[in-house]
Amino acid sequence: MAPPKNERAFEANASIVLVGCRGAGKRTLGFMGALHLRRRLVTEDHYFEKATGMSRGQYLARHGRALFARQDIEVFKHMLDSNMTGCVIECGMSSLNEEAQDALREYSKSHPVVYIHREKEQIAHLLDAADVQELLRADEKHRSCSNFEYYNLFDPSNHATTGTSGSVSGTNTPLNGLQPGPSKLLSAREDFTRFLDIVTARGATKAWLESPFSVSSVPPEFRSYSYALRLRLSYLMDMDLEWEDFEARGDCVELIIDHWPDDLYNVIARQVALIRRKLGVPIIYHVEENPRGERRRTVEEKYDMDTEILELGLRLGVDYLSLDLQREESLVTRVLRHRGRSKIIGNFWYMGIGAVSWQDERQIENYKRAQRLGCDIVRMARFCSNDSPAELLEDFKKRLASIPDPKPPLVAYDFSVLGVRTPLQSRILSPVKHPDTENERDHLATISTAYHSYELLFRQFLLDPLQFYVLGSNVSYSLSPAMHTAAYDFVGMPHTFQGVTCSTLDRLNQICLSDSFGGASLTAPFKVAIMPHLKLKSHHATAIGAVNVLLPLRGKTFAILDHVNSRNKAGPAREFFGDNTDWSSILTCLRRAISPRNFVQPSKTTGLVVGAGGMARAAIYALIQLGCRNIFLYNRTLSRAEEVAAHFNQWFHETSSHNINNKQANGSPGPQKGAANQEIVRVIPSLSDPWPRNFQPPTMVISCVPATSPDGDLCPPADFVMPLEWLNSPTGGVVVELAYEPLLTPLVVQIQAVRDHVSPSWVVVDGLEVVAEMAIEAFELMTGRMAPKRLIKEVCRKTWEQQQEQRRQQQQQQQQVVQDGEMVY
Ligand SMILES: O=C1C[C@@](O)(C(=O)O)C[C@@H](O)[C@@H]1O
């Protein structure tokens, strides 16, 4: 039997339509989505004006209601039909019209139509209109003409305004209070783009092509070991932990719908949105058939209700939908028909005395059935009183191996009083819990935590303790050892991380060739110098021309996945991979800090980078990735700045020509006309130069003046300040200061003063924030595990404070010695 036809797998380039109530955030999301997918944004209002030569209001006033309504619907249909591919289409009020809804229903057979859903109270609050209740009632119809749903979460914790939310709990660095917290727009952007990546099925592929060692590039089922953190809806509704407490507790979350509160669908949509926003891990969506603690349902009610809940999961674009294949065939088929891009986990559960043994032919038949149905993963679990004897498991494995490929990955386990045991070598998506969440509704209440499971892998010698480093000519100040070590302790990995001062490639080589070398963060003078010696580089590192993370390649085959899955294992490695987390950390910090008024407009926005080393290269690349096409570079040594500018202009020229050629081949929108010849990085030779004419003053400034020179001598601390004329942006901007020794550099002090006396719209991102972000990403690349972000940020600031304190004490002691000496003398 062939798998049921997937009715929601649309062409990769099919236009995406956004519908929803006024005030739901369609325009902003549309803008973000178009930027992310590099598509054209079509807005209904603008389209109407272009088609009729007047605004809707004008048309209504001139032609009256009846003619307007006719025209409106004609234009609406035309807008859909003439923009079938390559667009994000934002629908306005027309989608409240029934004829338009019919058109949308038809369109949704071949296109994603996303209902943008926002809490009713928020919309009522935002619209403040007399007809708001009516609008909200009408909005319900949007569900029926859409095939996806995005819950535009209102999260009060993201609404602290700039100036109060920068402090990391328990720390007291001088910049707390000046820095930005994550803006609500940033969070929405991250969630929405992740959602779009699932709708368009481009997420993992893109990540894999760009940086194969990043955690998002290898889905959990293709890793050597992965853990699914179980979170029950019944628990989440009333949880006593913070979301951050769940960070790094699993490689993905299994959301189990085991509770039916009032307004169930909205509750579920909200929880999916929260998991996406707060934890950023893939979601497995599971609907429990007979939840403990809920009323019994008739067979019919079960069928109808569960089908709807399952389909809601698909509409929400969850990464994985868990489907019990022992349920009614029509339910299974229906879900499979609507699966879209969500991966399907086909389940077979066996409970108690009836638990079919692994030896039983039915287990193999079950697997084959899931394979025939096109499941992406098969999950077979036995709840029994004892584990299966080893020889039965061997036999099961052999029989499984004889099934013809392609075989979906198998998650198989016995669950007994002894916990979860897997009969297979591959331990993927093993269920785990948070240590502090007891839940008697859970059949797997006694399962282990990710921490203990990982610890066990090392104790069983399946993984090896390794040594990691930060290497460079002066690393004594580095906060990386403290941050990484705290993260290893948190996730249950017995690795070590230390700073080793070295400045020659020979010495670096000696360290890296050890069998227990796990990876290194690199700093000056290696970031550029190591490039020719790498076997593999991420796409970003190649573009930047510098790396700051070095990993050994220990795969036994040529397949990159094999290298990726050999992390946390010792052994000889003669070849290395290089990646760059400097640029992505700067990008994350910029995004977090940019105010909506300063959102990048490629033709207008300008950025300034100070410096010309590896970090300045990363900063330029971050600006390019943000869409900025007017980047200025200042460096004390002019020739080095010119070299870096030439590198990026050349790179941009080459990639633009390549994209233009590809556009002709695949029809995807490439760079704008003339982009190939554009100079995107320009050098400003002197601080006494006026800001270049015809360009806006910069709204993004990144200072990469190092605190140490490449050959290890301590330089005078970063001393750059902006010529005042360059600080003229009427909308303020963001200054990222990478130096943190001291934290209050002259530039930071200057911006504080500007902020206090001239324009409050300037925001500073300090070096500690960026360096913590770098460690987070480096940890993930090096170990393949999600990082405990909050912990790393806390350790970063606390360690910095301790270092400051130690230095103060040392200075005092030195002064004392001098004074004592003077007295003796
Ligand atoms: O610049 C930095 C910071 C760093 O040197 C550290 O000490 O943590 C580590 C480098 O990889 C990174 O590029």
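Residues numbered from 1 in each chain as written. Predicted model: local features only at pLDDT ≥ 70, side-chain atom pairs only at ≥ 80, totals over all residues. Heavy atoms only, no water.

**Student:** Explain the overall build of the protein chain here, please?
**Tutor:** Check the secondary structure of the protein chain and you find 26 helices and 26 strands. Every one of the 825 residues in the protein chain was classed for burial, and the buried ones make up 57%. Here the contacts in the protein chain between residues at least 6 apart in sequence split such that 78% fall between residues at least 24 apart. Within the structure as shown, the protein chain displays about 35,500 Å² of accessible surface, and the carbon and sulfur contribution to it stands at 52%. (Helix = DSSP H or I, 4+ residues; strand = E, 2+ residues; numbered from the N terminus. Buried < 20%, exposed > 50% of the residue type's maximum accessible area, 1.4 Å probe, protein only. Contact = heavy atoms within 4.5 Å. Areas by Shrake-Rupley, 256 points an atom, 1.4 Å probe, with all protein chains shown as cover.)

**Student:** Where do I start with helix α10 (residues 264-279) in this structure?
**Tutor:** Note on helix geometry: an α-helix contains 3.6 residues per turn, so any two residues three or four positions apart are oriented the same way. Spanning 16 residues, α10 covers 22 Å between terminal C-alpha atoms, matching the ideal 22 Å at 1.5 Å per step. In terms of residue burial, α10 counts as a mostly covered element, since 13 of its 16 residues are buried. (Expected span 1.5 Å × (residues − 1).)

**Student:** Sorry if this is basic, but what is going on with the pattern of salt bridges here?
**Tutor:** When the charged atoms of two side chains with opposite charge come close together, those side chains can pair. For the coordinates displayed, the defined rule picks out 46 salt bridges. Close ionic contact of arginine 297 with aspartate 306 constitutes a salt bridge, the shortest N to O distance being 2.8 Å. Comparing arginine 297 with aspartate 306 shows no difference in burial state: the two are buried. Notably, a salt bridge pairs glutamate 365 with lysine 368, separated by 3.8 Å at the nearest N-O pair. Remark: lysine 368 and glutamate 365 occur in helix α13 (residues 361-372); sequence separation between them is 3 residues, near one turn of the helix. Shared partners join several salt bridges into a network, and the residues in it are Arg27, Glu44, Asp45, Arg56, Asp72 and Glu90. (Salt bridge = Lys/Arg side-chain N within 4 Å of Asp/Glu carboxyl O.)

**Student:** What am I meant to see in the confidence of the model for the protein chain here?
**Tutor:** Note that predicted coordinates carrying low pLDDT should not be read in detail. Per-chain confidence: the protein chain averages 87 in pLDDT, with 88% of residues scoring 70 or above. Confidence drops under a pLDDT of 50 for residues 663-673, and excluding neighbours within four residues, the segment shows 10 contacts in the predicted structure. Per-residue pLDDT stays below 50 along residues 708-714; that stretch engages in 14 contacts with residues further than four places along the chain or on separate chains. Reported confidences for the modelled complex are a pTM of 0.89 and an ipTM of 0.96. (pLDDT = per-residue confidence, 0-100.)

**Student:** Would you mind going over the environment of arginine 27 with me for this structure?
**Tutor:** Relative to the elements of secondary structure, arginine 27 occurs in helix α1 (residues 26-37). Residue class for arginine 27 comes out partly exposed when judged on its relative accessible area of 42%. Taking the C-alpha atoms as reference points, arginine 27 and cysteine 91, separated by 64 residues in sequence, lie 8.8 Å from one another. For arginine 27, the contacting residues outside a window of four places in its chain are Thr43, Asp45 and Glu90.

**Student:** Help me understand the site of the ligand, please; the structure alone is not making it clear to me.
**Tutor:** Taken together, Val470, Ser478, Ser480, Ser521, Leu522, Thr523, Lys527, Asn548, Asp582, Met615, Val771 and Met774 make up all the residues around the ligand. One of the side-chain N or O atoms of serine 478 is found 2.5 Å from an oxygen atom in the ligand. Serine 480 is positioned such that a nitrogen or oxygen atom in its side chain is 2.5 Å from an oxygen atom of the ligand. The set of elements that each furnish at least two residues to the shell around the ligand consists of β17 (517-522) and α25 (767-783). In the shell around the ligand, the residues fall into 5 nonpolar, 5 polar and 2 charged. (Near = heavy atom within 4 Å. Polar contact = N/O pair within 3.5 Å; in protein donor to acceptor, adjacent residues only side chain to side chain. Nonpolar A, V, L, I, M, F, W, Y, C, P; charged D, E, K, R; others polar.)

**Student:** Before we go on, may I ask you to explain the packing of helix α15 (residues 450-459) against helix α16 (residues 480-491) in this structure?
**Tutor:** Two numbers describe a pair of packed helices, the interaxial angle and the distance between the axes. In contact at an axis separation of 8 Å, α15 and α16 are set at 95° when each is read in the N-to-C sense. As summarised for this structure, α15 and α16 are arranged roughly perpendicular, according to the angle between their axes. Seen from α15, the contacting residues are Ala450, Tyr451 and Tyr454; seen from α16, they are Asp489, Phe490 and Val491. (Axes fitted to C-alpha atoms, helices over the stretch in contact; angles between N-to-C directions. Parallel < 35°, antiparallel > 145°, perpendicular 65-115°, else oblique.)

**Student:** In this structure, what is going on with the packing of aromatic side chains? I would like to understand it.
**Tutor:** By convention here, two paired aromatic rings are described through the distance between centres and the angle between planes. In this structure the tally under the stated criterion is 24 aromatic pairs. Between phenylalanine 632 and phenylalanine 695, the ring centres sit 5.1 Å apart and the planes meet at 75°, which makes this aromatic pair edge-to-face. You can see phenylalanine 632 sitting in strand β22 (residues 630-634) and its partner phenylalanine 695 sitting in the loop between β23 (681-683) and β24 (700-703), a full 63 residues away along the chain. By way of ring pairs, the aromatic residues Phe148, Tyr150, Phe192 and Phe195 are connected into one cluster. The ring of phenylalanine 148 is capped by arginine 8, whose NZ or CZ atom sits 4.2 Å from the centre of that ring. One cation-aromatic arrangement involves arginine 56 over phenylalanine 48; the distance from NZ or CZ to the ring centre is 5.5 Å. (Phe/Tyr/Trp six-rings, centres within 6.5 Å; stacked < 30°, edge-to-face > 60°. Lys NZ or Arg CZ within 6 Å of the ring centre and 35° of its normal.)

**Student:** Would you mind showing me how to read the packing of helix α11 (residues 299-315) against helix α12 (residues 329-337) here?
**Tutor:** Look at α11 against α12: their axes get within 10 Å of each other, and the N-to-C directions meet at 20°. It follows that α11 is roughly parallel to α12 by the angle criterion. Considering only the axes of α11 and α12, their crossing is right-handed. Only Ser330, Leu331, Arg334 and Val335 of α12 make contact with α11, whose side of the interface consists of Tyr303, Thr307, Leu310, Glu311 and Leu314. Among the residues making up the contact of α11 with α12, the classes are represented as 5 nonpolar, 2 polar and 2 charged. (Left-handed = near helix turned anticlockwise from the far one by under 90°.)

**Student:** Can you walk me through the sheet that holds strand β5 (residues 148-151) in this structure?
**Tutor:** Consider a sheet: its strands pair through backbone hydrogen bonds, and that pairing is either parallel or antiparallel. Strand order in this open sheet of 5 strands is β2-β3-β1-β4-β5, and the pairing throughout is parallel. The two strands at the open ends of the sheet, each matched to only one other strand, are β2 (40-43) and β5. When the angles between neighbouring strand axes are averaged without regard to direction, this sheet yields 25°. Where β2 lies against strand β3 (residues 87-90), 4 bridges are found, and the strand directions are parallel. The residue of β3 that forms the bridge with valine 42 is isoleucine 89. Packed onto the sheet, helix α2 (residues 44-52) meets β2 and β3 and runs at close to 75° relative to β2. Sheet contacts for helix α4 (residues 98-107): β1 (16-19), β3 and β4 (113-117); angle to β1, the most-contacted strand, approximately 145°. (Pairing = 2+ DSSP bridges.)

**Student:** Sorry, what's going on with the nonpolar core here?
**Tutor:** Nonpolar side chains in soluble globular proteins tend to be buried together. Grouped together as the largest cluster of nonpolar side chains are 153 residues, with contacts concentrated most on Ile268, Tyr285, Leu323, Leu590, Val609 and Ile702. Here this core gets 11 residues from one element, more than from any other, and that element is α25. If we ignore the near neighbours within four places in the chain, the residues touching isoleucine 268 are Leu233, Ile257, Tyr285, Ile309, Leu312 and Leu316. (Core = buried A, V, L, I, M, F, W, Y, C linked by side-chain atoms within 4.5 Å.)

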